[in-house]
Amino acid sequence: MLVRLLRAVAQAMIAAGSIWVYVPPVRQLDEPGPGHPERVVPLSDVERSLERALLGECE
């Protein structure tokens, strides 16, 4: 009887916690974060060609 009561209380606390907890949206990991040098300064020609070579894009 006590186990059932504790289990019900635990489930109620989990349900209440899921209502009150806010999880912010996750940014895409394939783009640089805010303040990253690639966002501040554009890539040079050498860096762009290296990026194309690493990603497998043909020129």
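This write-up is about the structure you can find in this document. Keep in mind that this is a model prediction, so the values were computed, not measured.

Calculation rules
Residues numbered from 1 in each chain as written. Predicted model: local features only at pLDDT ≥ 70, side-chain atom pairs only at ≥ 80, totals over all residues. Heavy atoms only, no water. Helix = DSSP H or I, 4+ residues; strand = E, 2+ residues; numbered from the N terminus. Buried < 20%, exposed > 50% of the residue type's maximum accessible area, 1.4 Å probe, protein only. Patch = residues over 30% accessible without salt bridge, like charges linked within 9 Å, V, L, I, M, F, W, Y side chains within 5 Å. Areas by Shrake-Rupley, 256 points an atom, 1.4 Å probe, with all protein chains shown as cover. Salt bridge = Lys/Arg side-chain N within 4 Å of Asp/Glu carboxyl O. Lys, Arg positive; Asp, Glu negative; His and termini not counted. Charge placed at Lys NZ, Arg CZ, Asp CG, Glu CD.

1. Examining the environment of Glu51
Within the fold, Glu51 resides in helix α3 (residues 45-55). For Glu51, a relative accessible area of 37% corresponds to the partly exposed category. For the pair Glu51 and Val3, spaced 48 residues apart in the sequence, the C-alpha separation amounts to 59 Å.

2. Focus on a negative patch on the surface
On the surface, Glu38, Glu47, Glu51 and Glu57 cluster together into a patch of negative charge. On the secondary structure map, Glu47 appears in helix α3. Judged by its relative accessible area of 39%, Glu47 falls in the partly exposed class.

3. Quick notes on α3
Little of α3 sits inside the fold, with 0 of its 11 residues counted as buried. Positive phi appears at Gly56, one or two residues downstream of α3, with a value of about 85 degrees.

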